[in-house]
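Structural overview
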Amino acid sequence: VSPKDIAAKWYVSSEGQRYGPYPSHILTEWIAIGRIAADALVSDGSEWITVSQFMQQQAKAAVAPRPEELELEVIEDTVASDGPSSHRVGSKASAAEAVAGASVTTMPPDDSPPERDRIVVIGRRQSGKTIYLATLYAKLWKSLNGMTAKAVSGEVHRQLIGVHQTLQAGRWPAATLGTSQIEMDIEHAGRKRLMVTLDFAGELFRKAFVEEQADFPGVKELTEHIDRAASVLLLVDPSVVAGMDHEAAMDDDFGLVQAVQRIRNWPGGESVPIVLVLTKMDQYQHLLDQVGGSKGFVRKYFPALVRLMKHIPIFQVSAVQTDKGNDGTVIPRLDSQSVNIDTPLRFCLDLIDKTQENAEQQRLEEQRIAYERQQEEAERARERRQNRILIVVLTAILIIGAAVVALIIIYKV
Ligand SMILES: Nc1nc2c(ncn2[C@@H]2O[C@H](COP(=O)(O)OP(=O)(O)O)[C@@H](O)[C@H]2O)c(=O)[nH]1
Ligand SMILES: [Mg+2]
């Protein structure tokens, strides 16, 4: 499979709308699982062909079925082969490649990668981020089981508590509430980390990670947070991916893959915990049950992400429970209990701590080995010196002995 084949170049045209571009292998998969309408047309820039023609082409092109492992490599190549990519300068790229990538723009000026110090919450608009974070904040700001949240400003604190109180009063917060950047510090096990929210938009992710348009509005902030992520919570509303908005669904899958790839290929990103959080579970449990639970759900609707990550911890959360209101719409119940709200965060923090502990242990171990080596070297040097002295002394004794013998002989003669 050449890099040309895995570049995102396929467009989909369905019901008068155009989507994409997507890599051919992802498109193949989406068609196979019925996520693309049978009467849709696809094109890679040349003529438009039917979905079944596309599948025949792909079948011919495929030499042999590729194992999972290989697919993983291929996906990583997808992004790397798309133009002058700064993210190739990750740990997986060679030094030669780094030098060759002359148009590197987003790499920090000195060679040391920036510290991974923040927890990043990503979700598309309406995925439940604000309500999730406000509910989490209400639980944590007075500290809970060794974890404390503190809003970065009084204004953010008021907003978050305001959202929580509105929910408790049985109303959804106004759309304007909590639209500004929600940032809070999370303190856990003596360490403080910033938690930030990013409104996910497929278009923005494409601009940031595939086309690398650093001057596109929002791209700089996005890449900066992603590249400093110590952990990532991907918030997903199950009803969107399982719903009728196919573009939103595909964006969720493909866009998240781009973000995950960026993290994994960036320095220090291999072990960054990334978890999927399914929101609004009070309302959408049935969507998971239909496909055999959360794993089945993620396998079905996030095929590209599953292939890239292999293991994705999945959490199901619910900030509130709902009732039908007088006008038939769904409203928060007054006696709502949040479910699982702080679990994903605790999971991530524990993993971060473990990773950092391991790194620290590895550093100490390396120091110990270096010290031992140094000691051995000193010891050997001492031995060599003693040997030299011994040889000199023995030689002297031999010479003196020989001289004495010679003198005795001469004297006797
Ligand atoms: N049933 C239910 N609906 C929720 C929950 N959280 C959010 N929602 C719904 O999702 C909408 C969007 O939530 P919001 O937090 O504003 O999303 P954001 O745009 O990602 O910040 C809300 O107006 C609610 O209708 C939840 O826990 N349960
Ligand atoms: Mg919001």
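Heads up: the structure comes first, above all this text.
Each value, and the rule that gives it
- Residues numbered from 1 in each chain as written.
- Chains lettered and ligands numbered in written order.
- Predicted model: local features only at pLDDT ≥ 70, side-chain atom pairs only at ≥ 80, totals over all residues.
- Heavy atoms only, no water.
- Buried < 20%, exposed > 50% of the residue type's maximum accessible area, 1.4 Å probe, protein only.
- Helix = DSSP H or I, 4+ residues; strand = E, 2+ residues; numbered from the N terminus.
- Arc of directions from axis to C-beta.
- Contact = heavy atoms within 4.5 Å.
- Axes fitted to C-alpha atoms, helices over the stretch in contact; angles between N-to-C directions.
- Parallel < 35°, antiparallel > 145°, perpendicular 65-115°, else oblique.
- Nonpolar A, V, L, I, M, F, W, Y, C, P; charged D, E, K, R; others polar.
- Pairing = 2+ DSSP bridges.
- Patch = residues over 30% accessible without salt bridge, like charges linked within 9 Å, V, L, I, M, F, W, Y side chains within 5 Å.
- Areas by Shrake-Rupley, 256 points an atom, 1.4 Å probe, with all protein chains shown as cover.
- Salt bridge = Lys/Arg side-chain N within 4 Å of Asp/Glu carboxyl O.

1. Some details on helix H12 (residues 281–289)
An α-helix turns once per 3.6 residues; consequently, residues spaced three or four apart project the same way. If you check which residues of H12 are buried, you get Met281, Tyr284, Leu287 and Leu288. Seen end-on, H12 carries its buried residues on one side only, within an arc spanning 100°. Next to the buried residues of H12 lie helix H10 (238–241), strand E10 (274–278), helix H13 (293–301) and strand E11 (314–316).

2. Describing the packing of helix H6 (residues 129–140) against helix H7 (residues 154–168)
Interhelical geometry of H6 versus H7 gives an angle of 100° and a closest axis separation of 8 Å. Taken as axis vectors, H6 and H7 run roughly perpendicular relative to one another. Counting all contacts with H6, which are made through Thr130, Ile131, Leu133, Ala134, Thr135, Tyr137 and Ala138, the residues of H7 involved are His157, Leu160, Ile161, Val163, His164 and Leu167. When grouped by side-chain class, the residues that make up the contact of H6 with H7 number nine nonpolar, four polar and no charged.

3. With respect to the sheet that holds strand E3 (residues 41–43)
Strand order in the open sheet formed by four strands is E2-E1-E3-E4, with antiparallel pairing between adjacent strands. Of all strands in the sheet, those bounded by a partner on one side alone are strand E2 (17–23) and strand E4 (49–50). Two strands pair when backbone bridges link them, and E3 and E4 are joined in this way by two bridges, in the antiparallel orientation. Looking at the pairing, Leu41 lines up with Thr50 of E4.

4. Re a nonpolar patch on the surface
Together, Ile389, Leu390, Val393, Leu394 and Ile397 make up an exposed nonpolar region whose accessible area comes to about 480 Å². Mapped onto the fold, Leu390 is located in helix H15 (residues 343–412). The class of Leu390 is exposed, set by a relative accessible area of 52%.

5. Some thoughts on the pairing of E2
Within E2, five of the seven residues are buried, which leaves it mostly tucked inside the rest of the structure. As paired strands, strand E1 (residues 8–14) and E2 are joined by five bridges and run antiparallel to one another. If you follow Val12 over to E2, its bridge partner there is Tyr19. Two successive antiparallel strands, E1 and E2, enclose a turn made up of two residues, where Glu15 displays a positive phi of approximately 45°.

From the geometry alone we can't say anything about function, so treat these as descriptive.
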